[in-house]
Amino acid sequence: MPSNSSGVCDTQDPAGAPVSALARLDTVWLHGAGLAGDTWGPITAGVARAVTPDLPGHGRAKLVKPPRVETYADALSHLVPQDAVLIGHSLGGMVALELAARLQDRVMALVLIETVPTVRDRLSGRVSASLASGLFQSIPISWLAWLSGLGQSRETCTELRRQMARMDRVRIAAALEAAACYDGRPRLSQIDVPTLLIVGKQNTATHHGTALMAERIRGARLVKLPGGHMLHTDNPVQLKRSIDGFLCRSLPN
């Protein structure tokens, strides 16, 4: 990886304070299943060059068929500018991984938050995906919105219930299908940009898959932060600081 001797944080503002990496770079933030682009608000507020699109079937974005990580990447690739930093959470991390492998000439760094390359490598993952799909198809959406917040921090509970209340059964099922069908393991050896992998200490379900990515993505750095699956609401300050510090150290001017 490039050294920090000429990093993106070397620039100073008129008052002499360092300018953060996120303020200087084009970043594309891809959210997780059941959420929408505005879920990044606590982190991207004031980050002028941040793009936070809705994944297909989420927010205001139309569904795509078939619902797959690959078709999501097809729909979003035009939003990735030259020298972009891709930042993805969960399902959005799968899409970011796919885009980074496809668009190697346009992507300068990759950040994957609470992301695994596939749920198909472990029985527990396949069973969980199947159970979740069945559950989401059998109970009212209003119940799903309420259940989604159980056991979460206050901030995460509020955000999950707000986001899930805007979804419907078809869109939720499509997102789950996309995540369940993806196998990004062959993509890992194709990633040749500075890569940061972040997991929540309290959500061990993602640790196996993230460790696999750390082994197979050349030079990838793995960081564990206090919090669960929704790190951007559980721990937004440390998450943003970790991303910004990584970009400062890893990217040239």
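Reading guide: rules and limits
Residues numbered from 1 in each chain as written. Predicted model: local features only at pLDDT ≥ 70, side-chain atom pairs only at ≥ 80, totals over all residues. Heavy atoms only, no water. Helix = DSSP H or I, 4+ residues; strand = E, 2+ residues; numbered from the N terminus. Buried < 20%, exposed > 50% of the residue type's maximum accessible area, 1.4 Å probe, protein only. Contact = heavy atoms within 4.5 Å. Areas by Shrake-Rupley, 256 points an atom, 1.4 Å probe, with all protein chains shown as cover. Pairing = 2+ DSSP bridges. Right-handed = clockwise from strand over helix to strand, strands pointing away. Salt bridge = Lys/Arg side-chain N within 4 Å of Asp/Glu carboxyl O. Axes fitted to C-alpha atoms, helices over the stretch in contact; angles between N-to-C directions. Polar contact = N/O pair within 3.5 Å; in protein donor to acceptor, adjacent residues only side chain to side chain. Expected span 1.5 Å × (residues − 1). 1 Å grid on protein atoms, 1.4 Å probe; cavity = no way out; pocket = protein on both sides within 12 Å on 5 of 7 lines; lining within 4 Å. Points joined across faces, edges and corners; volume = space filled by probe spheres on them. Nonpolar A, V, L, I, M, F, W, Y, C, P; charged D, E, K, R; others polar.

(A) Summary view of the overall build of the chain. For the chain, the helix and strand inventory stands at 12 helices and six strands. The buried share among the 253 residues of the chain stands at 51%. Of all intrachain contacts in the chain linking residues separated by at least 6 positions in sequence, the fraction that spans at least 24 positions is 70%. When the accessible surface of the chain is split by element, carbon and sulfur atoms take 54% of a total near 11,300 Å².

(B) Summary view of the pairing of strand E4 (residues 107-113). Burial within E4 is extensive, with seven of its seven residues counted as buried. Pairing of strand E3 (residues 84-89) with E4, which is carried by six bridges, proceeds in the parallel orientation. Pairing of Ile87 across the sheet is with Val111, part of E4. Following the chain from E3 across helix H4 (residues 91-102) to the adjacent parallel E4, one finds a crossover that is right-handed. Note: E4 against strand E5 (residues 195-200), four bridges, orientation parallel. Along E5, the bridge assignment pairs Val111 with Leu196.

(C) Spatial organisation of helix H10 (residues 207-216). Buried within H10 are the following residues: His207, Gly209, Thr210, Leu212 and Met213. Lining the buried residues of H10 we find E4, helix H9 (185-188), E5 and strand E6 (221-225).

(D) Looking closely at the pattern of salt bridges. According to the stated counting rule, one finds 12 salt bridges in the structure shown. With a closest N to O distance of 2.7 Å, Asp183 and Arg185 form a salt bridge. Classification of Arg185 by relative accessible area gives partly exposed; the value is 27%. One salt bridge connects Arg218 with Asp192, and the closest N-O pair in it is separated by 3.0 Å. With Arg218 in the loop between H10 and E6 and Asp192 in the loop between H9 and E5, this pair connects stretches of sequence that are 26 residues apart.

(E) Focus on the sheet that holds E5. A sheet is described by the order of its strands in space; here six strands give the open sequence E2-E1-E3-E4-E5-E6, paired in parallel fashion. This sheet does not close on itself; its edge strands, each paired only once, are strand E2 (50-51) and E6. The strands touched by H10 within the sheet are E4, E5 and E6, with E5 carrying the most contacts at an inclination of about 165 degrees.

(F) Looking closely at the environment of Asp192. Judged by relative accessible area, which is 55%, Asp192 ranks as exposed. Measuring from C-alpha to C-alpha, the distance between Asp192 and Gly219 comes to 8.6 Å, with 27 residues separating the pair along the chain. There is a polar contact of 3.0 Å between the side chain of Asp192 and the side chain of Arg218.

(G) Highlighting helix H8 (residues 169-181). In this model, H8 (13 residues) spans 18 Å end to end at C-alpha, consistent with the 18 Å of a helix rising 1.5 Å per residue. One side-chain oxygen of the residue at the start of H8 lies 3.1 Å from the amide nitrogen of Val170, identifying that residue as Asp168.

(H) Quick look at empty space enclosed by the protein. Inspection of the entire model under this criterion finds one cavity of 30 Å³ or more. Counted as a void, the largest cavity has a volume near 30 Å³. Contributing to the lining of the largest cavity are Gly34, Leu35, Ala36, Gly59, Gln163, Arg166 and Met167. Within the lining of the largest cavity, the residues separate by chemical class into three nonpolar, three polar and one charged.

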